[in-house]
Amino acid sequence: LALLSQNCGVDNEDVADTCNCLAETLISRCELDDAITYLERALAIRRKKLGALDLNIASTLYNLAMVSQTKGNWSNAMKYGKEALRIQRMTVGDNSPITLKTLECIGRVHRDKRDFEAAIQCFDKCISNGKTLLNLEVGGIHDFRGETEMAREMFLKAALHVGDKLSLSVRQPGNEGSLDMTNLASKFQSQKEQTNDQYLLKLGENVMSYGLALVSLQHFNEALECFRFSNNIFQAKYGSDHLRIAETLHRTGHVLEKLGERSDQLHEALDLLTEALRIRKLHLVESHPDVEETLLCLGKVHHRSGNIRYALDFFCAAVTARDSRLGRKSLRINDAESFLQVGLLQQEAGEFRHALNSFEECLRIRRQVVKEDDPSLAELLFYIANLLREVGDLDLAQTRFEEALTLLEKTGSEESAEIADVLFSLGVLQTEKQQFSTALDFYLRALQIRKLDPQSTKIVIAEILNNIGLVYFGMKEYDKAQVYHAEALESMIGELGDNHDDVAFCWHSLGATYVETGQLAEALKCFDRAVKIERTELYLQSLGVCLVQMNDNENAYVCLHEALQMKELDYESNDDDLAEINRNLGTIWLRKGKYEEALKRYDAALKSKSSHPIESEKDYKNLMSSIDGALEAVSQLFGNGHIKYAKLLHQKGNQHGTRNEHTQAIEVYVEALRIYKEQYGDTHLSVANTLYNLGVSLNAKGSPDKAVRCFVKALRITKARLGDDHLDVADSYEQIATSNKLNQNYSEAVSYYEKALAVRKQSAGGIDLKSSEIMHEMGILHSDNQLWEKAERAFKESLRIRTIHLGSDDLLVADSMVRLAQIYLSRDENSNALKYFEGALRIHKSKLESSDPDLAKIYQSLGTVHAALGSTDKAIFCLDKSIQIFGDANGRFDENVAVSLARTGEVLYSDKQYEEALKIFQDCLEVRSSFETFESSETGNILQQMGEIYSILGDNTNASSHFGSALSIYRESFGPKHQVVAEILEKMSAHFIKVGELERGYSCVKEALVIREELLNGEEGNNESLIHAADSRFCMGTILFEWSELDEASNCFATAKEVYIEKLGQSHLNVANSNYYLGCIDELHGEQDSALLYLQESLKGRQEHLDEMHLDVAETQQKLGHIYCKRNEWDNAVDAFSDCLKIREANRTSDMASQILVADSLFDLGTALNKTSDTKRSMQLFSDALKEYQRHLSKYDLKVGRCYSIIGEVLEKENELSKAVNSLRKAAAIYEYHLGNEPREKEIKASRNGDDYTGQADTLFRLATAHDRQGEESSALKLYRKAMKLYKAVFGRDSLHVAKVLNRLANMKGRAGSVDKAMVLFDDSLRIRMLHLGDNHEDVAETLFGMGIVFEKRRDYNAAMKAYSDCLRIRSSKFGSDSMEVAQVVVNIGVVRGNKGDFPGALKSWKKALSIYRKHSLGDSDPLVATVIGHMNLANILMNNASKRGAK
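Reading guide: rules and limits
- Residues numbered from 1 in each chain as written.
- Predicted model: local features only at pLDDT ≥ 70, side-chain atom pairs only at ≥ 80, totals over all residues.
- Heavy atoms only, no water.
- Helix = DSSP H or I, 4+ residues; strand = E, 2+ residues; numbered from the N terminus.
- Rg over C-alpha atoms; globule rule 2.2 N^0.38 Å.
- Buried < 20%, exposed > 50% of the residue type's maximum accessible area, 1.4 Å probe, protein only.
- Areas by Shrake-Rupley, 256 points an atom, 1.4 Å probe, with all protein chains shown as cover.
- Lys, Arg positive; Asp, Glu negative; His and termini not counted.
- Charge placed at Lys NZ, Arg CZ, Asp CG, Glu CD.
- Core = buried A, V, L, I, M, F, W, Y, C linked by side-chain atoms within 4.5 Å.
- Contact = heavy atoms within 4.5 Å.
- Phe/Tyr/Trp six-rings, centres within 6.5 Å; stacked < 30°, edge-to-face > 60°.
- Expected span 1.5 Å × (residues − 1).
- Salt bridge = Lys/Arg side-chain N within 4 Å of Asp/Glu carboxyl O.
- Polar contact = N/O pair within 3.5 Å; in protein donor to acceptor, adjacent residues only side chain to side chain.
- Axes fitted to C-alpha atoms, helices over the stretch in contact; angles between N-to-C directions.
- Parallel < 35°, antiparallel > 145°, perpendicular 65-115°, else oblique.
- Left-handed = near helix turned anticlockwise from the far one by under 90°.
- Disulfide = S-S within 2.5 Å.
- Patch = residues over 30% accessible without salt bridge, like charges linked within 9 Å, V, L, I, M, F, W, Y side chains within 5 Å.
- pLDDT = per-residue confidence, 0-100.

Some details on the overall build of the protein chain
Okay, so step 1: Per the secondary structure count, the protein chain includes 69 helices and zero strands.
Okay, so step 2: Computed over the C-alpha atoms, the radius of gyration of the protein chain is 50 Å, more than 25% above the 35 Å expected from 2.2 N^0.38 for a compact globule of 1448 residues.
Okay, so step 3: In terms of principal-axis extent, the alpha carbons of the protein chain reach across some 165 × 115 × 65 Å.
Okay, so step 4: For the protein chain, the proportion of its 1448 residues judged to be buried stands at 50%.
Okay, so step 5: A total accessible area of about 68,300 Å² is found for the protein chain, and carbon and sulfur atoms account for 47% of it.
Okay, so step 6: Charge separation in the protein chain, taken as the distance between the mean sites of 176 positive and 214 negative side-chain charges, equals 8 Å.

Dropping the structure here:
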């Protein structure tokens, strides 16, 4: 290659051939990256030098595909393979060996990508053309998919094929028994000795293939012989680091793992697989399937060798490789088994949570691979559930048990032993959760199945019976418990005899039920039997306690003393049993009058319980019994004034306090305080401690003033004794803060909390749990006073400290999260609120029962947050969960159920699911009807929202009724002059405005404004009150606007806007809404410039605050479009109307109002486009609008008439005069139907429908124009006069509309020869137009042009020239000097000059006109051009004649 490149150039064909050969050599040495480089070089040269279908190109492409497949780069492999295949098929056909080789490579790529169907298609094509060995690949795919029988069939075909190649004998062709598997090593060695060196590699490949087939058929020993033999050949051929070597090492190690009953086999497998992994990692990426395969195998070997940690590492690495390659998108049953193996290893290593994750992943994969009712799923679910129960995740365990049960019931008999096992486990789980009735159901079902199952033993049945007894015991149904324990005992004795441990346990369980029913003699017999079978501390303790209750003190002492000795061998200071034994021993000594011994035992009992939580009523009674016994002993030994007596009283008071029995606690503390003062004086720490506890109880009893006095005294003593920075000082500060909080002294409470924190920071660093509690309380105080930032800081610090001490899954941590979430919710920081609520939910779910109301509260809050974030489905799900939990816990008629129902209704309302919202609100009202406080503000809120929904749905009766009910409740709850009353009055006003009851709407908003202003006067400068008053003014303005009381409306909007700008800022949406109405009012006043500014500001504000597709944005665009039309800014109008149409189309629904809005926008856009001469588009828009109007409205609706009218105008411009007249007559008929034939001026001026009369006048004007152009002058004249009369009534005598008609009438008179009348009309039109438009407007030019024609007819050429010259000046400035409008005037100027005899001047004008026409591409045949040429010819003739005569 170096020589060729030097002598022949770098792109020579020989260079390409050499690159290809060099690449193949590198491939054989596994130097794959270098091989790709040379192949790509060869490919580039061959593409350049050879034809597109050259087989040399296909050869290079095949090599690239093969190398890419080996490296795991499947996209490139597929690209190269497909291109090579296309070339080969087109040149040598589908069945050529080289085509099949490429197809095989593509099949392997499909296999690696787990596109199994495509792979099988490729392999089958190859197999049908003689590549039988590929049955191994097809069999492997079937094996992947769990299709065992089909896989074995393929493997057998491959084995027989290779066996034939190896000349192995075949005894029964086509049968697995026909395979030759005897003395394989010697047979292969014999063949090796007879084989030429150049064919040895082929022999090794065949032996290797035979081994692979045998492994697949599970003939491992024989396969091992094959692999060892082929490995020797490959080692000699390839050396140590070749991928082929790695494959043989892997296969050998894999077989040894399967055979590995001996340690030497496992050790050898480990060595071989480790070397295989090294080689594969040398050449392949970490995610390659071959690397994964070796990692899995190594994991299995380590597992079998007992190396759990190493096994786990290799399994995890294999799973990671597969995830990296496939992204968990392609699954098979082996993937599930990998995770199962990992889970088992993690369980053995004690990593239970990790094990559960692996089992769950295994379950997920199995569910996607096997059928949904596959029994293996139930087995795995049962396995997972038991492990979950062991680690204490009872809720998830229950879910998994229930899933397993459902599967088993679907797939098998409902009375199978497996179902009984699941039911029994569910019973155990529910017992642990103390859900006894549920547990009982499961046990009874399991018992029924087991009794019907002949395979069930009496022991199994007895176990269920005994557990049922334990459930009844937990339910305090002791009689039933006795029955089941007795039945279980009978079965146990019958099966196991009298002296078995399980029998003893049954005797003990039965005895416990007798104790609870007071049958002490029976209990004594049971406990005695249990002790005789097995002398455990539990049985001795129960027997001793029973004897104490029966006053058999001597025997009781023997039992309890022995139990105590056994317990002390495994002593735990907080052991309940130890405390129970000592308490009963104390009772025995007290009865005997041995007070010192009694006190010693009572003290021991109290010590055992000192830091142990009191979990039940029984625990509490036992503790108080120990204290009372100790008090009796002290009283007998030392009297009631002894310090020991005071200490016991103090301890008793503490216990009363923990039970919220504060009256009893106060009595005991007062007595203890008296003794301490008598014995120690007033300044002892014991006095301080008792005062402190007395203060705590006084706070709890609602006497904070008395409590403060106690705390202050305690604080003084503590500071004097312990110093200012002692933690007890901090505790006193904290309690003084609590007292101030109860007295609502906010600043004092915060001050003392801060003092407590300062002391704690000095003494304990400020990061102890007590500091977190203080921060938490401060957060609550700040929240109550809406000081959100301070509250946030306090709760965050509390959360940080609690997390440090308690971990991230403690309920106190969850409490801080909830508080933070509530702050963020109050501040509309909903994403933060969601994060903290979800964190709290996670903790609650792990710590609480699924039926706990605290869990429901989190769901309730989450529903609110999801609703605020717009996640309706999630909000509904959370609120439904809260309703379910609250309902199960407290019944349907519960306050929290009502709250969740109300919030659900609000969510559905916000999501526009109005009917569903109404149902939920109705349910909520039904729940609230059971409350004494039914007519509360909450009920008012629900009724108000129902009123709003009914208003939206158009049910005006129900809307008014519900609004009225809500108003009555608000007035009753808050008083008639409250903010809430004003708010609902405004909502009622909006409803009445909507339904056209403006008087009622005005009355409501007026009352609301009075309330707002009174509140404002009482709270001077209150921003909220000012804004509310502005809202009322705004609402009032909308009604006045509807009444066309424009000046008053404008004042309302302007006043409201001023407040909005001052309090909310210039860019607030309320300012934009005010600007909208101010713009509309100015438009109606004809003040177009200010209207435009207002509406542009309104659009800017609405676009900033609303969705770009909001209908209010469209409404503003529409108004802007109308103003642009009035200003003749047609392009701007087109843009505005286009945006409006786009928005309304996006919001289009099936209801009529939505469709009509779209039609209005079509009409407006058509109008603007018509003015830009885009006739075709405008006509289409008008037609579309008309169709919509006709589909939804009456055929006599004014919108239909308006459409006919404008369509008629377009048709008239397009010279389709008959169609135009037809359309305009329809329009005129509709207007006449509504407004009359010739409405009186008084009627018009009194009407609020000026636009309708304008539309009628416009229609008459257009119809007159069409008739005029048809030559029907009498009809035209009549219609023009009618139109002018209407214009005068609507706009006044000097309006531009009147001028427009005057101009047309003048033209008609001029054409008819009535030039004097025409001139009068033109003069009037000119006066009006100049009055409004000035002297430089195109309409003024139009009138001047008409006047010029009349002056011509009167032969007043100087006046005509003046009129034409003024017209020319205007048109030149407006349209340009080369415009057609200018040409028209120039032609007439030429005529005037010609008539005056100025032929050269005339010719000059006509030449200018002609040049303009030429610029506009008009030819000689055009009538305008022909006319000018005619004029010029005539002028020339006249000039010649004059020259001949020698006169002018």
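Moving on from the coordinates now.
Re the nonpolar core
Here is a general trend for soluble globular proteins: nonpolar side chains tend to be buried in one another's company.
Okay, so step 1: If you look at the biggest cluster of nonpolar residues, it comprises 146 residues, and the most contacted ones within it are Phe-1041, Phe-1053, Tyr-1189, Tyr-1280 and Trp-1406.
Okay, so step 2: The element best represented in this core is helix H50 (residues 1023-1042), accounting for ten residues.
Okay, so step 3: Filtering out sequence-adjacent residues up to four positions away, Trp-1406 remains in contact with Val-1387, Gly-1390, Val-1391, Val-1428, His-1431, Met-1432 and Ala-1435.
Okay, so step 4: Among the nonpolar cores identified, the runner-up in size contains 78 residues, and Val-67, Leu-160, Val-162 and Ala-223 belong to it.

Details of the packing of aromatic side chains
Okay, so step 1: Following the criterion strictly, the structure yields 23 aromatic pairs and no others.
Okay, so step 2: Here Tyr-676 and Tyr-680 contribute two aromatic rings whose centre-to-centre distance is 6.0 Å and whose plane-to-plane angle is 10°, an arrangement assigned as stacked. Placement of the pair is Tyr-676 and Tyr-680 together in helix H33 (residues 662-680), with a separation of four residues, close to one helical turn.
Okay, so step 3: According to the relative accessible area criterion, Tyr-676 is buried, its value standing at 3%.

Some details on the environment of Gly-629
Okay, so step 1: Within the secondary structure, Gly-629 sits in helix H31 (residues 617-638).
Okay, so step 2: What makes Gly-629 buried here is its relative accessible area of 6%.
Okay, so step 3: Residues in contact with Gly-629, not counting those within four places in the same chain, are Leu-590 and Tyr-602.

Here's the deal with the side chain of Arg-400
Okay, so step 1: Among the secondary structure elements, Arg-400 is positioned in helix H20 (residues 394-411).
Okay, so step 2: Here Arg-400 falls in the buried class, since its relative accessible area comes to 11%.
Okay, so step 3: Look past the residues within four positions of Arg-400 in its chain and what remains in contact with it is Glu-360, Leu-363, Leu-381, Ile-384, Ala-385 and Leu-388.

Thoughts on helix H63 (residues 1296-1311)
Okay, so step 1: Spanning 16 residues, H63 covers 23 Å between terminal C-alpha atoms, matching the ideal 22 Å at 1.5 Å per step.
Okay, so step 2: Of all the positions in H63, only Val-1298, Ala-1299, Val-1301, Leu-1302, Asn-1303, Leu-1305, Ala-1306, Met-1308, Lys-1309 and Gly-1310 are classed as buried.
Okay, so step 3: Gly-1313 lies just past H63 and shows a positive phi near 95°.

A few points about the side chain of Asn-466
Okay, so step 1: The residue Asn-466 is located in helix H23 (residues 458-474) in this model.
Okay, so step 2: Setting aside chain neighbours within four positions, we find Asn-466 in contact with His-485, Ala-488, Phe-505, Cys-506 and Ser-509.

So, the environment of Cys-297
Okay, so step 1: Of note, Cys-297 is situated in helix H15 (residues 289-304).
Okay, so step 2: Along the primary structure Cys-297 and Ala-311 are separated by 14 residues, whereas in three dimensions their C-alpha atoms are 9.4 Å apart.

Comments concerning the pattern of salt bridges
Okay, so step 1: Under the counting rule described, the total for this entry stands at 77 salt bridges.
Okay, so step 2: The residue Asp-603 makes a salt bridge to Lys-644 at a minimum N-O spacing of 3.2 Å. Of this pair, Asp-603 sits in helix H30 (residues 595-609) while Lys-644 sits in helix H32 (residues 643-658), and the two are 41 residues apart along the sequence.
Okay, so step 3: A single salt-bridge network, built from bridges that share partners, covers Glu-104, Arg-108, Arg-111, Lys-131 and Glu-137.

Looking at the environment of Lys-701
Okay, so step 1: The residue Lys-701 is located in the loop between helix H34 (685-700) and helix H35 (704-722) in this model.
Okay, so step 2: Once the C-alpha coordinates of Lys-701 and His-662 are considered, the two residues, 39 residues apart in sequence, prove to be 6.6 Å apart.
Okay, so step 3: When near neighbours in sequence (up to four residues on either side) are disregarded, Lys-701 contacts His-662, Thr-663 and Ile-666.
Okay, so step 4: For Lys-701, the side chain forms a polar contact with the side chain of Thr-663, separated by 3.0 Å.

Regarding the packing of H50 against helix H52 (residues 1069-1084)
Okay, so step 1: With their axes 12 Å apart at the nearest point, H50 and H52 run at an angle of 25° to one another. Classified by the angle between their axes, H50 and H52 sit roughly parallel to one another. Viewed along their axes, H50 and H52 form a crossing whose handedness is left-handed. In contact with Asp-1031, Phe-1034, Thr-1038 and Phe-1041 of H50, H52 contributes Asn-1070, Asn-1073, Ser-1074, Tyr-1077, Cys-1080, Ile-1081 and Leu-1084.

Concerning the state of the cysteines
Okay, so step 1: If you walk through the whole model with that rule in mind, you get zero disulfides.
Okay, so step 2: Between Cys-924, a cysteine without a disulfide, and Cys-878, which holds the nearest cysteine sulfur, the sulfur-to-sulfur distance is 18 Å.
Okay, so step 3: Lacking any disulfide linkage, Cys-1125 is separated from the closest cysteine sulfur, that of Cys-1140, by 12 Å.

Structural notes on a nonpolar patch on the surface
Okay, so step 1: Taken together, the side chains of Leu-55, Val-92 and Ile-98 define a hydrophobic patch exposed on the protein surface, amounting to about 190 Å² of accessible area.
Okay, so step 2: Relative to the helices and strands, Val-92 is located in the loop between helix H5 (74-91) and helix H6 (97-112).
Okay, so step 3: Residue Val-92 is classed as partly exposed on the basis of its relative accessible area of 36%.

So, unusual backbone geometry
Okay, so step 1: In this model, Asn-551 sits at a positive phi of 65°, which is unusual for a non-glycine residue.
Okay, so step 2: With respect to the helices and strands, Asn-551 occurs in the loop between helix H27 (537-549) and helix H28 (553-568).
Okay, so step 3: Judged by its relative accessible area of 52%, Asn-551 is exposed.
Okay, so step 4: In this model, Ser-1044 sits at a positive phi of 65°, which is unusual for a non-glycine residue.
Okay, so step 5: Classification of Ser-1044 by relative accessible area gives partly exposed; the value is 40%.

Things to note about a positive patch on the surface
Okay, so step 1: A cluster of like positive charges, contributed by Lys-677, Lys-706, Arg-709, Lys-713 and Arg-716, occupies part of the molecular surface.
Okay, so step 2: Broken down by element, the positive patch gets its largest block of residues, four residues, from H35.
Okay, so step 3: Mapped onto the fold, Lys-677 is located in helix H33.

Overview of the packing of helix H58 (residues 1198-1213) against helix H59 (residues 1217-1235)
Two packed helices can be described by the angle between their axes and the distance between those axes.
Okay, so step 1: The geometry of H58 relative to H59 is characterised by a closest axis approach of 8 Å and an angle of 155° between their N-to-C directions. As summarised for this structure, H58 and H59 are arranged roughly antiparallel, according to the angle between their axes. In this structure, H58 meets H59 at a crossing whose hand is left-handed. Side by side, H58 and H59 meet where Leu-1198, Val-1200, Gly-1201, Arg-1202, Tyr-1204, Ser-1205, Ile-1207, Gly-1208, Glu-1209, Leu-1211 and Glu-1212 of the first sit next to Leu-1217, Lys-1219, Ala-1220, Ser-1223, Leu-1224, Lys-1226, Ala-1227, Ile-1230, Tyr-1231 and His-1234 of the second.

Section: helix H24 (residues 478-496)
Okay, so step 1: Between its first and last C-alpha atoms H24 spans 26 Å; for 19 residues at 1.5 Å apiece the expected length is 27 Å, and the two agree.
Okay, so step 2: Directly beyond the C-terminal end of H24, a positive phi value near 90° is found at Gly-497.

Some remarks on the confidence of the model for the protein chain
Regions with low pLDDT carry predicted coordinates that are not meant to be interpreted in detail.
Okay, so step 1: When pLDDT is averaged along the protein chain, the result is 87; 94% of the residues meet or exceed 70.
Okay, so step 2: Here residues 327-333 is modelled with pLDDT under 50, and outside its nearest four sequence neighbours on either side it reaches 25 contacts, counting other chains as well.

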